[in-house]
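Structural overview for review
Below are the chains, spelled out letter by letter.
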Amino acid sequence: MFEPTLFADVILPVPLPKLFTYSIPDELMSQVAIGKRVVIPFGQKKVYSGLVQNIHKEKPEAYETKPILSILDSEPVVNTVQLKFWDWLADYYQCTLGEVYKAALPSGLKMESETRVIYNAEFEAEKPLSSRENQILDILSNKKVCSIQEINQLSGLKNSLPVVKRLLDLNALFVNEKLKEAYKPKTEKVLQIHPDYRSDEKLEAAFNQLERAPKQQTLLMTLISEAGGLRKALEGVVVNKAQLTKKANTSATVVTELINKNILQQGDQSVDRLDLEEKDVAHAHPLTEVQQVAFDEINTSFLQKDVTLLHGVTSGGKTEIYIHLINQCLAEGKQVLYLLPEIALTTQITSRLKKHFGNIMGIYHSKFPDAERVEVWHNLQEQKNYQIIVGVRSSIFLPFSNLGLIIVDEEHENTYKQFDPAPRYHARDSAVVLAKLFGAKVLLGTATPSVETYYNIQQGKYALVELFQRYEGIKMPQIVAVDIKEARRKKQMHSHFSPALLEHVEKALQNKEQVILFQNRRGFSPFIECGQCAWIAKCENCDVSMTYHKHLNQLVCHYCNHTAQLPTICPACHSPAIETRGFGTEKIEEEMSLIYPDYKVARMDLDTARSRKSYERIIADFEQGKIQILIGTQMISKGLDFDNVSLVGILNADNMLNYPDFRAFERSYQLMTQVSGRAGRKNKQGLVILQTSNPQHPVILDVINNNFNNHFAAQLSERQAYKYPPFYRLINITIKHKDVNTNNKAAQLLAKQLTILFGDRVLGPQAPPVNRIQNLFIKKILIKLEKKASPVKVKFLLREAIFSLQAQNTFRSVVFQIDVDPM
């Protein structure tokens, strides 16, 4: 009987508005399945690894289908719940499934197409070739096949592509596309008894043969012992080569001799990069009376609602409640996802959680090597050890099979929002949807809830549990606002430090206590200026001033990373009057080191904590008391617990409050409250010195009085009046192009089309404060939509409007970026 051809819809790692359909060859019919990766041709020469999203019998009419070339997996790497989740992400956040696929899978599972250059052995030059052309032909005549990267390395050229292109035109070379495997399992050399000697008689003969080689005899005896005895060794149990050589106290030459005699056999064995060794685990501490009440209330709330907010003060003991909830979920045989907003936070919390959960807990974030991330993915996919995952926002993409609880710690943090590239998702909001797909519960935890979350509680969507007593009865810190405007007028300021701040720093250091100073700007100086003509050093690629980094002795653009040397004279007026303006963490570190030379001063910002090891070292040194004064950006505000910190200084509250954004007051309240929470621990009330030019500012008064409800009410009424979240949904459209006129025209035409569709809900186009980045001019359009508006319909209308513009030659290279719920 004739079987109809089956087709597969495949998600490609490119931003295509629709999926491409491929035919499934007969020989692959039994292997193909939804969620497996496949190798497929795309375009004229490209080869990609894609993901099967659907299998059906409907042949597309618009184009001739190409066949799937091969199947990469024996089992699906993505499950059906994940694919449903991807569909929701693509619809809600106005992106393509290809963009979700690229973000979701670790790089090691996305095989990249690599251009390979092949030598044409029949080529004969009609005219003399250049020295570089001859050099590349010589390389390829020996290697036969090379990637462009390999040609660069072997030729010593930075970019060999122009030369390769000339040789391609002469038919001296060919090219083809090949998929490059990104992930390679880690292997170790192992030894076992050769199959020819796996019997008592043969092994005895081997020992007799080695009578005059005592070192080889010793090695063979050690292998039998390490394999677990004679029976195990004869069954072919393998032993790690390096460990065996060390144990037998012998050399690699002795091993080679036994391999050459066919007494031992050498092979490779895959080993985990992850630490899966079983360890003794600590039991959870008993909850205090207050914590027990909160724990019981959370469980009761989960009977009624799917999402609960644990609103607890800083140092309230929320983590201990989380541990008890995780234990409860594990006892039910379900998995737990514990989300953290910042990689820096994972260091302290994971070491604490590891003590309780040992090798059933995995960690997932971008600072880990990609191979480790692939192995975490496989561990969950194959349902091996991991029952708990602790990680940052990308952890929501992992292949969970039986998720029971998602904890979103510090739920208010804007680092849960992905900025670039698409999908520009919010991990907190996405986690709520993911939990719903599994029938799981979500616990949000914070001392400073976001306006949107607290509004959901008021509307009855989420439940609320409060924990307003600090653990072990520790007092909330005393917060003192210092008027630096008045201090400057009286000439009392010592550089950027008020007399009150320096007095209390001195006192803390004398008492052998630690100090944290918060300045939410890295670098030495935000900009340099000529004292004569007011010239300011600006980035040549962006419309923004460059930040001076003293340790590099360079000007750095924080938008495109362009660097320039610090000028000694003004390029405009040739005066030597170059001066630094403002202050960043680097300048504070230098000045504190000069004021307190006998104490160790360190800073934690993006410059000093770029790698996983560097921030772990800073945190460990501060915990162990090796650092007395720690200066940092918002990295230090997020849930870090240090027992000996008695003083926190907020050096410039005004910068945060005056930022041109409707969330500025909310963020300022959250940051100041969170940083303040680092002060004061056991048996000692902490002190916070808050430097500001406006001590009577409503937000500062709410921080001082710890009055969240007053802050929330003020924010809510303002947002309702001006049509902002949580009452309306925002969509930000960014338009970019290298030509300012083309960009302006595209933005104006798009705004005009959108106004026809959405009316007065459309605002703009408008240039942002920084209106050129990486030589691309920027315009923005803001749409304020009612919450009930259908994301699918809005996506369709926006895409149609953008596609109609991109269909015109003038606007084909214009970049349009859509950001739903911008932060």
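Small disclaimer: the values here were computed from a predicted structure and weren't measured.

Parameters and conventions
- Residues numbered from 1 in each chain as written.
- Predicted model: local features only at pLDDT ≥ 70, side-chain atom pairs only at ≥ 80, totals over all residues.
- Heavy atoms only, no water.
- Helix = DSSP H or I, 4+ residues; strand = E, 2+ residues; numbered from the N terminus.
- Rg over C-alpha atoms; globule rule 2.2 N^0.38 Å.
- Buried < 20%, exposed > 50% of the residue type's maximum accessible area, 1.4 Å probe, protein only.
- Contact = heavy atoms within 4.5 Å.
- Areas by Shrake-Rupley, 256 points an atom, 1.4 Å probe, with all protein chains shown as cover.
- Pairing = 2+ DSSP bridges.
- Axes fitted to C-alpha atoms, helices over the stretch in contact; angles between N-to-C directions.
- Phe/Tyr/Trp six-rings, centres within 6.5 Å; stacked < 30°, edge-to-face > 60°.
- pLDDT = per-residue confidence, 0-100.
- Core = buried A, V, L, I, M, F, W, Y, C linked by side-chain atoms within 4.5 Å.
- Expected span 1.5 Å × (residues − 1).
- Arc of directions from axis to C-beta.

1. As for the overall build of the protein
Helices and strands together make up the secondary structure of the protein, namely 26 helices and 34 strands. Whereas a compact globule of 823 residues would reach a radius of gyration of roughly 28 Å, the protein reaches 31 Å, a difference of no more than 12%. Its C-alpha atoms put the protein at 95 × 70 × 65 Å along the principal axes. Counting every position in the protein, which comprises 823 residues, the buried fraction comes to 52%. Residue pairs in contact within the protein that sit at least 24 positions apart in sequence constitute 75% of those at least 6 positions apart. As displayed, the protein offers around 39,300 Å² of accessible surface, 49% of which is attributable to carbon and sulfur atoms.

2. Re the sheet that holds strand S26 (residues 601–604)
In spatial order, the strands read S19-S29-S28-S20-S27-S26; together these 6 strands make up an open sheet with parallel pairing. Single-partner strands in this sheet number two, and they are strand S19 (478–483) and S26. Averaged over all adjacent pairs, the angle separating strand axes in this sheet is 20°, with direction ignored. Pairing geometry for strand S20 (residues 514–518) and strand S28 (residues 645–650), over 5 bridges, is parallel. Residue pairing for S28: Leu517 is matched across the bridge by Gly649. The strands that helix H18 (residues 499–510) touches are S19, S20, strand S27 (629–632), S28 and strand S29 (687–692); relative to S28, the one it contacts most, it runs at about 160°. Along the sheet, helix H22 (residues 664–676) makes contact with S19, S20, S28 and S29, crossing S28 at roughly 155°.

3. Brief notes about the sheet that holds strand S16 (residues 403–409)
Pairing is parallel in the open sheet, where 7 strands are placed in the order S14-S15-S13-S16-S17-S12-S18. Strand pairing shows two members of the sheet lacking a second neighbour, strand S14 (361–364) and strand S18 (463–467), which therefore form its edges. The average undirected angle you get between the axes of adjacent strands in this sheet is 20°. Relative to strand S15 (residues 388–391), strand S13 (residues 335–339) runs parallel, the two being bridged by 4 bridges. Each bridged residue has a counterpart across the sheet, and for Tyr338 the counterpart in S15 is Val390.

4. So, the packing of aromatic side chains
Taken as a whole and assessed by the stated rule, the structure comprises 17 aromatic pairs. Summarising the aromatic geometry, the rings of Tyr669 and Phe708 are spaced 6.3 Å apart at their centres and angled 50° between planes, so their arrangement reads as tilted. Residue Tyr669 is found in helix H22, and its partner Phe708 is found in helix H24 (residues 708–721); the two are separated by 39 residues along the sequence. As far as burial versus exposure is concerned, Tyr669 and Phe708 are alike and both buried. Through pairs of rings, three or more aromatic residues link up here, namely Phe85, Trp88, Tyr92, Tyr93, Phe397 and Tyr425.

5. Structural notes on the side chain of Thr673
One can find Thr673 in helix H22. With a relative accessible area of 11%, Thr673 lands in the buried category. Excluding residues that lie within four positions of it along the chain, Thr673 makes contacts with Thr314, Thr448 and Val703.

6. What to know about the environment of Ile360
As for its placement among the helices and strands, Ile360 is situated in the loop between helix H13 (343–357) and S14. You can call Ile360 partly exposed: its relative accessible area is 26%. With residues up to four places along the chain from it excluded, the contact list for Ile360 reads Leu330, Asn385, Tyr386, Gln387 and Ile388.

7. Concerning the confidence of the model for the protein
Close reading of the predicted structure is inappropriate where its pLDDT is low. Across the protein, the average pLDDT comes to 88, with 95% of residues at 70 or higher. Considering each helix and strand of the protein separately, the mean pLDDT is smallest for strand S8 (residues 173–180), with a value of 69, and largest for helix H15 (residues 427–438), with 98.

8. Side note on the nonpolar core
Trp86, Ile406, Met672, Leu750 and Leu754 are the most contacted members of the largest nonpolar core, which totals 112 residues. Per element, the largest residue contribution to this core is 7 residues, and it comes from helix H1 (residues 80–92). The contact partners of Met672, leaving out residues within four places of it in the chain, are Ile650, Ala653, Met656, Leu657, Leu690, Val699, Ile700 and Val703. Counting 29 residues, the second-largest nonpolar core is a separate cluster that includes Phe302, Ile323, Leu330 and Leu353.

9. Details of the pairing of S20
Taking burial as the measure, the 5 residues of S20 include 5 buried ones, the bulk of the element. Here S20 shows a buried face lined by Gln514, Ile516 and Phe518 and a second buried face lined by Val515 and Leu517.

10. Digging into helix H26 (residues 791–806)
With 16 residues, H26 should cover 22 Å at 1.5 Å per step; its first-to-last C-alpha distance of 22 Å lies within 8% of that length. Every buried residue of H26 is listed here: Val794, Lys795, Leu798, Arg799, Ala801, Ile802 and Leu805. The arc that holds every buried residue of H26, seen down its axis, measures 160°, which confines them to one face. In H26, the exposed positions angled more than 90 degrees off the buried face are occupied by Lys793 and Phe796. Of the surrounding secondary structure, the elements contacted by the buried residues of H26 are H1, strand S30 (728–737), helix H25 (740–758), strand S33 (776–786) and strand S34 (815–820).

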